[in-house]
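So you can see what is in the structure, the chains are spelled out below.
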Amino acid sequence: MTSYHKPSNGTLQELKDMANKLRIHSVTSTAASNSGHPTSCASMAELMSVLFFHTMRYSVKEPRAANADRFILSKGHAAPILYAAWAEAGLFDTSELLNLRKIDNDLEGHPTPRLNFIDVATGSLGQGLSVAAGMAYVGKYYDKSSYKTYCLIGDGESAEGSIWEALSFAGIKKLNNLCAIFDINRLGQSEPTAFQHQMDVYKARLESYGFNALVVDGHDVEALCKAFHEVLVSDKPTAILAKTYKGRGFPGIEDLDDWHGKPLGAKSEEVITALEARIKNNGPHTLKIQKPVDDAPEVDISNVTLSRPPSYEIGQKVATRAAYGTALSKIAESCPRVIALDGDTKNSTFSNAMLKTDKDRYIECFIAEQNLVGVSIGVACRDRAVVFCSTFAAFFTRAFDQLRMGAISQTNINCVGSHAGISIGEDGPSQMALEDIAMFRAIPTATVFYPSDAVSTERAIELAANTKGICFVRTSRPATSVVYPNDKKFAVGKANIILQSADDVALVIGAGITLEEARKAAEILAQKGSPVRIMDPFTIKPLDEDAVREHAKQCGGRIVVVEDHYPEGGLGDAVKSAVSGERDIVVKHLAVRAVPRSGKCDELLEMFGINAASIVQAVEEVMLV
């Protein structure tokens with residue numbers, strides 16, 4: 001690796017000039033929209049200048065090139081200066097910056113991948129470093145490429161626990177191709193930050209997490225050039241701890257409170273004049289953008305298939321969580337870019353199947369679910385991997401903000417949540433996912449799979465691997481009976497009827513353990529002369545609404561929905577929405593309607609009214625309507 005060479009005085013001056021040009025763009029663009037965060041931009045101007053015009057290797061013609069360095073702006077409210085950097089690099093004309101935050105323009109208030117130079121959406125603070133760590137992990141261990149990943153973090157957002165989850169992960173995984181840049185400008189939104197300019201505190205903390213932590217004057221471009229060189233030679237992840245000042249270079253504003261998120265208004269002209277006075281060369285810059293090294297492999301993650309079809313017997317008892325492990329192993333055999341991540345639950349979710357297939361394609365994220373999802377998003381970035389991220393379904397609720405931002409980021413990840421519902425038994429309510437379907441249904445880019453047997457689980461995993469957006473596959477702890485033949489075809493948004501006759505008195509819709517209970521109930525009802533039709537929805541989002549309506553009408557307009565989930569937002573609400581515009585259809589909805597408790601599976605199903613006996617009663621009641 002080459003040793004550090006100080007840039008020429010001319011280059012250093014141009015980097016200083018560029019920093020002030022970026023400040024001016026931040027002032028003018030936020031003034032034009034009368035909205036934004038110019039002071040937050042000003043503190044990081046030298047950081048952006050050195051990164052984009054001296055340190056990073058990237059292509060203006062192809063911003064998301066596989067071999068290019070990555071940059072994540074975790075403090076997304078500073079978007080104007082990021083846009084300004086790309087404009088000065090030549091991606092688009094600087095005049096476009098004046099359209100910041102306008103409804104017909106993609107230069108939004110916080111970055112989103114509507115722009116071709118943005119990998120992930122940021123703005124909900126504390127999430128960028130996890131994504132960057134995922135990207136760096138791929139670069140080091142899978143692509144084995146020379147590209148680096150840089151993440152710029154605000155000191156205010158460093159109070160978020162997810163930042164420290166990511167720092168821990170990066171240190172443990174020895175991601176020496178990752179650079180975490182802390183813009184320590186002392187001021188938060190409403191008051192000074194917890195540690196203000198106590199740089200020794202930041203340094204000690206970062207070093208304890210396994211980082212090479214460098215304290216620098218964040219407004220000294222030569223010091224920054226030297227610090228960023230450390231990323232190229234360090235055997236540890238690097239942290240640049242930049243001491244900066246909010247509103248740097250803004251007369252009467254710099255380092256003063258109560259300017260967060262405010263355009264400068266009447267003070268804009270004075271500030272611009274002061275910044276222009278600092279610029280030595282107002283003409284076109286001669287700074288050269290470094291080209292990336294063409295050493296990232298081509299990746300194909302299309303048409304992922306099971307290496308061999310399901311092989312079960314009808315009636316065989318198999319937990320769908322176990323079938324997930326089998327399917328994960330099979331798709332990993334057929335596609336070398338299938339990656340599994342888990343949060344120390346691999347022997348319960350059965351993601352540990354990947355360890356037998358290829359231990360290097362399993363990423364242990366430990367008990368840190370926000371980071372687990374964030375890293376998953378990073379691993380999936382730029383279509384470098386097919387990602388399966390698993391934990392107990394209940395614990396995905398902790399990472400809902402990461403999932404919400406993942407949708408805005410146009411991410412393609414697959415979340416597999418096991419131990420769903422009260423059917424897990426004695427572990428009790430803290431482990432029982434009873435809100436998970438509602439949560440994932442609320443995500444606009446999500447597809448929600450709820451397979452009921454081993455065959456449908458394997459096919460759900462195969463389909464999820466090829467489905468864009470966020471996929472959620474809900475798996476169960478107890479073993480359920482195989483009901484489908486091994487050659488059964490499945491499709492997203494297509495329900496399956498597993499029992500029917502011409503005389504059915506009601507349509508019973510269940511999934512997972514409640515489909516098992518529905519089949520028991522059907523036997524009892526048949527003996528009573530009241531046959532029912534049973535529907536397995538397979539996907540709850542999208543729900544096969546046409547099938548629900550069609551079969552409901554064939555069963556006298558009577559529907560009984562039974563689900564191992566709270567009543568709000570789950571399968572029942574999806575069904576009721578599907579028939580809300582129909583005449584003469586009544587829905588009886590069985591769900592878990594109170595906070596549950598520990599107990600055996602059968603005891604809990606009975607206590608909360610979602611077992612076979614409860615279904616029989618519900619059908620008999622709905623027949624009277």
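Predicted, not measured: the structure shown is a model, and the values here were computed from it. (Residues numbered from 1 in each chain as written. Predicted model: local features only at pLDDT ≥ 70, side-chain atom pairs only at ≥ 80, totals over all residues. Heavy atoms only, no water.)

K.L.:
Just to check I follow, could you spell out helix α8 (residues 221–233) for this structure?
P.N.:
Each α-helix turn comprises 3.6 residues. Residues three or four places apart therefore point the same way. Helix length check: α8 (13 residues) gives 19 Å between terminal C-alpha atoms against 18 Å at 1.5 Å per residue, within 8%. Every buried residue belonging to α8 is among Val 221, Leu 224, Cys 225, Ala 227, Phe 228, His 229 and Val 231, and all of these are buried. Of the surrounding secondary structure, the elements contacted by the buried residues of α8 are α1 (9–33), α3 (45–55), β2 (149–154), β3 (178–184), β4 (212–217) and β5 (238–243). (Helix = DSSP H or I, 4+ residues; strand = E, 2+ residues; numbered from the N terminus. Expected span 1.5 Å × (residues − 1). Buried < 20%, exposed > 50% of the residue type's maximum accessible area, 1.4 Å probe, protein only. Contact = heavy atoms within 4.5 Å.)

K.L.:
Mind showing me how you'd approach the pattern of salt bridges here?
P.N.:
Should the charged atoms of two oppositely charged side chains come close, the side chains can pair. Under the counting rule described, the total for this entry stands at 33 salt bridges. Notably, a salt bridge pairs Asp 143 with Arg 384, separated by 3.0 Å at the nearest N-O pair. One end of the pair, Asp 143, is in the loop between α5 (128–142) and β2; the other, Arg 384, is in the loop between α13 (369–380) and β9 (386–392), with 241 residues separating them in the sequence. For the pair formed by Asp 143 and Arg 384, the shared burial category is buried. (Salt bridge = Lys/Arg side-chain N within 4 Å of Asp/Glu carboxyl O.)

K.L.:
What is the right way to look at the packing of aromatic side chains in this model?
P.N.:
To describe a pair of aromatic rings, one takes the distance between the centres and the angle between the planes. Under the definition given, this model contains 21 aromatic pairs. Where Phe 52 meets Phe 71, the ring centres are 5.4 Å apart and the plane angle is 75°; that geometry is what we call edge-to-face. With a gap of 19 residues between them, Phe 52 in helix α3 and Phe 71 in strand β1 (residues 70–73) connect regions that are remote in the sequence. Here Tyr 83 and Phe 117 contribute two aromatic rings whose centre-to-centre distance is 6.2 Å and whose plane-to-plane angle is 75°, an arrangement assigned as edge-to-face. Of this pair, Tyr 83 sits in helix α4 (residues 79–89) while Phe 117 sits in the loop between α4 and α5; the two residues are 34 residues apart in sequence, bridging distant segments of the chain. As far as burial versus exposure is concerned, Tyr 83 and Phe 117 are alike and both buried. A cation sits over an aromatic face here: Arg 70 above Tyr 147, 3.7 Å from the ring centre. Over the ring of Trp 164 we find Arg 205; its NZ or CZ atom is 5.8 Å from the centre of that ring. (Phe/Tyr/Trp six-rings, centres within 6.5 Å; stacked < 30°, edge-to-face > 60°. Lys NZ or Arg CZ within 6 Å of the ring centre and 35° of its normal.)

K.L.:
Would you mind going over the UniProt feature "domain: Transketolase-like pyrimidine-binding" (unreviewed entry) in the protein with me for this structure?
P.N.:
Within this structure's numbering, the places UniProt gives as "domain: Transketolase-like pyrimidine-binding" (unreviewed entry) are residues 318–482. In the segment residues 318–482, helix accounts for 39% and strand for 21%; the C-alpha atoms at its two ends are 7 Å apart. (UniProt positions renumbered as here; feature names shortened; annotations may be inferred.)

K.L.:
Whenever I open this one, the environment of Ile 408 confuses me. Can you help?
P.N.:
Mapped onto the secondary structure, Ile 408 falls in helix α14 (residues 400–408). Judged by its relative accessible area of 37%, Ile 408 falls in the partly exposed class. Along the backbone, Ile 408 and Pro 113 are 295 residues apart, and their C-alpha atoms lie at a distance of 7.8 Å. Contacts of Ile 408, omitting those with residues within four sequence positions, involve Thr 112, Pro 113 and Ala 121.

K.L.:
Explanation requested: the packing of helix α17 (residues 513–527) against helix α21 (residues 612–622) in the structure shown.
P.N.:
Each pair of packed helices can be summarised by the angle the axes make with each other and by the distance between the axes. Two elements in contact, α17 and α21, have axes separated by 8 Å at closest approach and are oriented at 60°. When the axes of α17 and α21 are compared, the pair comes out oblique. Crossing of α17 over α21 shows right-handed handedness. Counted together, Thr 514, Glu 517, Ala 518, Lys 520, Ala 521, Ile 524 and Leu 525 of α17 and Ala 612, Ile 615, Val 616, Val 619 and Glu 620 of α21 form the full contact between these two elements. Here the residues of the contact of α17 with α21 sort into eight nonpolar, one polar and three charged. (Axes fitted to C-alpha atoms, helices over the stretch in contact; angles between N-to-C directions. Parallel < 35°, antiparallel > 145°, perpendicular 65-115°, else oblique. Left-handed = near helix turned anticlockwise from the far one by under 90°. Nonpolar A, V, L, I, M, F, W, Y, C, P; charged D, E, K, R; others polar.)

K.L.:
Would you mind showing me how to read the sheet that holds strand β11 (residues 446–449) here?
P.N.:
Remark on secondary structure: sheet strands pair via backbone hydrogen bonds, oriented parallel or antiparallel. On the basis of which strands lie adjacent, the open sheet formed by seven strands has the order β8-β7-β9-β10-β12-β11-β17 and mixed pairing. Two strands close off the open sheet at either side, each with one partner strand: β8 (362–364) and β17 (539–541). Going from strand to strand, the sheet's axes swing by 20° on average, the running direction of each strand aside. (Pairing = 2+ DSSP bridges.)

K.L.:
Would you explain the pairing of β3 in this entry?
P.N.:
Here is the key point about a regular strand: its side chains alternate between the two faces of the sheet. Taken across its seven residues, β3 has seven buried, putting it largely inside the fold. When β2 meets β3, the two strands line up parallel, connected through six bridges. Bridge assignment links Ile 153 to a residue of β3, and that residue is Phe 182. Two elements, β3 and β5, share six bridges in a ladder whose sense is parallel. Residue pairing for β5: Ala 180 is matched across the bridge by Ala 239.

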